[in-house]
Amino acid sequence: MDFNRIKEKLNILADAAKYDVSCSSSGSNRKNKNNGLGDTGNGICHTYTEDGRCVSLLKILLTNHCIFDCAYCVTRKSNDIQRAAFKIQEVVDLTINFYRRNYIEGLFLSSGIFKSADHTMERLIAVAKKLREEENFNGYIHLKSIPGASDELMYEAGLYADRLSVNIEIPTISGLKLLAPDKKHEDFIKPMRKVKDEIIRYKEERKIIKSTAKYAPAGQSTQMIVGATGESDKDIMYSATHFYKNYKMKRVYYSGYVPISTDSRLPSLGSEVPMLRENRLYQTDWLLRFYGFGVNEILDADNPNLDMDIDPKLMWALRNLNHFPVDINKAEPRMLARIPGIGMGSVHKIISGRKYRSLNWEHLKKMGIALNRAKYFIICNSNDWERRDLDAATIKGMILQSQNGKFKNQYNNQLSLFN
Amino acid sequence: MNTSKTLVYDGSFNGFLTAVFVGFEQKLTHANIQKNSQFQSGLFADTETIFTNIDKAQRVWNGVRKKSNSAVKNIYFAFLSEQNTIEALLYHYIQKLMGGTYLGATDFSDTSVLKINQLSHKVGREKHRMEAFVRFQLTKDDVYFANIEPDFDVLPLISKHFRNRYADQQWIIYDVKRKYGIFYDLQTVEVISLDLTDIQTNSIEKSNAFTDEEYEYQDLWNNYFKSTTIKSRINTKLHVQHVPKRYWKYLSEKKEAV
Ligand code: SF4
């Protein structure tokens, strides 16, 4: 192997792949077969980039040659950059050698579209197939579904990959028309639908015949760019909800737009990456998936955007003060989960803790609950609670004041979710 | 009656459980259980040397298992923390568990329960970190070799993970601090001790124990690590929080930073 040449290619093709924020390697439990190489489990972050993101997969493009010209993408045809392409065997060797040294959980392979969608998809599949069949590799493989790829290829891809994803990138159809005129909305949807159908079909078959092979056991995911087309938070979260529901997405990722172009349709170079907004969207996503919230409770026509000062749960609570205060010792779990400052972990602690004794402030503090936020919304076994009839703006003001300093660095904390 | 005694054991987990057995047999309210390597005889202390007995150890362990599954894990993990006086704390904890006054992991009225949970949690975190941060280097005799220097004695906890994952390659993970390692020879995992004169950290100097390609792959990995960073999002604080500096010297992607 010519290591210098490989190094050049790796630099180019890893650099181009880094804007895909997904790095999950969990959700699949492929076991090590016949004393071969690798397995998958909860997914391990083997290191973290200097911007604080988990590195668990070798994330590269097969090539950054592309026949399309999507304005938001560094790989676009009209961009004057160095181009490179890996050979199939080179990707296989890199993956195996990184894996054996415990650098990674597996491979995340994407690609620019060269020649045609099908031609590109075929090459991605060839890498995965080689890894599984020739190297007896049971680690994690995430393949990008190329928009417009045929059903037959999407079927084959799922036989080797743990996860498949198509990035929708632009949350609104009008935005897509503006920024990616070569691509049709339908091209994204088609492979997504095929994968969804196959996942369902395989699940059904597995119920009857246990030995049915796996089809994309870690499901599919997608990504949306945030802040490139002036879309609202409502646009983003409603379309995320649509994908969770109708395409059985495992995850939707939100990626703050990193300016890479002087194109006048896009935010100019040097404009700030909307990281706080991205964080708020992830928080909302969690509320929808794990906390029992409906998207219309958080965002609607009157409130199309999230509050940047406070997290979305607090925002909801302040708009719905009639549900509070909640009695910690009596309330149902679903209501506990709606109290600002109380995360799912704390909900479980409260439920098991209150079996033994009636909980007071001291207990709640020991459980690690953020009382500076929660105290306005709860009562517990104590005569000491917030009796003043405060309005939403006052509570918000007081909470912000108590957080000052501690949360000033919010902008830097990529994913500090509420606890 | 309030009785107390010093029990000296060999440092192994089974030795510790045997000591617990002996303590219970003698109805000791407090057992000052100490490793023989650290033992200093007190002036007036009543001392007994414990000989590890697998049967006795098993009986204690089965008793614990019947009471609580989470306690099984907590006790073992906390034991591996090697904290000072951890044995006495665990003795108290097992006493409570057996006496039926244990209320589960959420019983924060008892500081020993809280402390053991915290320690177990810390050891668990270290286990995960080691599963992530081990960096194998390929030796000329075809063994993937890694050094680690964990805060706690986690080798027994990570062995299974590596055995399951790297079933088709020989590997050694060596704990430099505790001077022992585990070696997988394609059949089983064995405990070994090596005479390592020069410890293979990721130093810039190359060792000729490793293949030439080894350094090429480290270099590629280094490059990869660099090119995945998005410059406009750099966040050093978060980075160091995830990858604490004390682990850097064994991480090849941190070669230049050390
Ligand atoms: S098709 Fe994909 S790789 Fe090509 S320009 Fe569009 S987004 Fe970029």
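Residues numbered from 1 in each chain as written. Chains lettered and ligands numbered in written order. Predicted model: local features only at pLDDT ≥ 70, side-chain atom pairs only at ≥ 80, totals over all residues. Heavy atoms only, no water.

Undergrad: Give me the lowdown on the overall build of chain B, citing residues and values where you can.
TA: Each helix and strand in chain B was counted, giving eight helices and eight strands. Counting every position in chain B, which comprises 258 residues, the buried fraction comes to 53%. Sequence-distant contacts, at least 24 apart, represent 68% of the contacts inside chain B between residues at least 6 apart. With an accessible surface of roughly 12,700 Å², chain B has 50% of that area assigned to carbon and sulfur atoms. (Helix = DSSP H or I, 4+ residues; strand = E, 2+ residues; numbered from the N terminus. Buried < 20%, exposed > 50% of the residue type's maximum accessible area, 1.4 Å probe, protein only. Contact = heavy atoms within 4.5 Å. Areas by Shrake-Rupley, 256 points an atom, 1.4 Å probe, with all protein chains shown as cover.)

Undergrad: Break down the confidence of the model for chain A for me, citing the residues and quoting the values.
TA: All names here are of chain A. Summarising the model, chain A shows a mean pLDDT of 88, and 96% of its residues fall at 70 or more. Ranking the helices and strands of chain A by mean pLDDT puts helix H2 (residues 88–100) first, with 97, and helix H5 (residues 173–179) last, with 84. Counting interchain partners and residues more than four positions distant, the pLDDT-below-50 stretch residues 405–419 has 37 contacts. (pLDDT = per-residue confidence, 0-100.)

Undergrad: How would you sum up the domain arrangement of chain B? Please name residues and give values.
TA: Residue and element names in this part refer to chain B. Split into domains, chain B comes out as domain 1 (4–125) and domain 2 (134–254). Listed per partner, the contact involves eight residues of domain 1 and seven residues of domain 2. Buried area between domain 1 and domain 2, both sides added, is near 630 Å², and the carbon and sulfur share of it is 68%. Three residues stand out in domain 1 for area buried against domain 2, namely Leu80, Glu82 and Val123, and they jointly supply 61% of the buried area on that side. Remark: the boundary between domain 1 and domain 2 carries one salt bridge. For Arg178, the salt bridge is made with Glu82, and the minimal N-O distance between the two is 3.1 Å. In this assembly, domain 1 and domain 2 are joined by two residue pairs in polar contact (both at pLDDT 80 or more). For the side of domain 1 that touches domain 2, the secondary structure elements donating two or more residues are helix H3 (69–80) and helix H5 (111–133). Counting residues per element, the side of domain 1 that touches domain 2 draws most heavily on H3, which supplies three residues. Tallied by class, residues from the side of domain 1 that touches domain 2 come to four nonpolar, two polar and two charged. (Domains from an automatic or database assignment. Buried area = accessible area lost by both parts, 1.4 Å probe. Salt bridge = Lys/Arg side-chain N within 4 Å of Asp/Glu carboxyl O. Polar contact = N/O pair within 3.5 Å; in protein donor to acceptor, adjacent residues only side chain to side chain. Nonpolar A, V, L, I, M, F, W, Y, C, P; charged D, E, K, R; others polar.)

Undergrad: Talk me through the pattern of salt bridges; I want residue IDs and the actual numbers.
TA: The tally for this structure, following the rule as stated, stands at 35 salt bridges over all chains. As a salt-bridge pair, Asp39 of chain A and Arg165 of chain B come within 2.9 Å of each other at their nearest N and O atoms. With Asp39 of chain A in the loop between helix H1 (3–15) and strand E1 (47–48) and Arg165 of chain B in helix H6 (residues 155–165), this pair bridges two chains. Each member of the pair, Asp39 of chain A together with Arg165 of chain B, is buried. With its nearest N and O atoms 2.9 Å apart, the salt bridge here joins Glu297 of chain A to Arg338 of chain A. Here Glu297 of chain A, found in helix H9 (residues 295–298), pairs with Arg338 of chain A, found in the loop between helix H11 (333–336) and helix H12 (344–353); they are 41 residues apart in sequence, far enough to count as distant.

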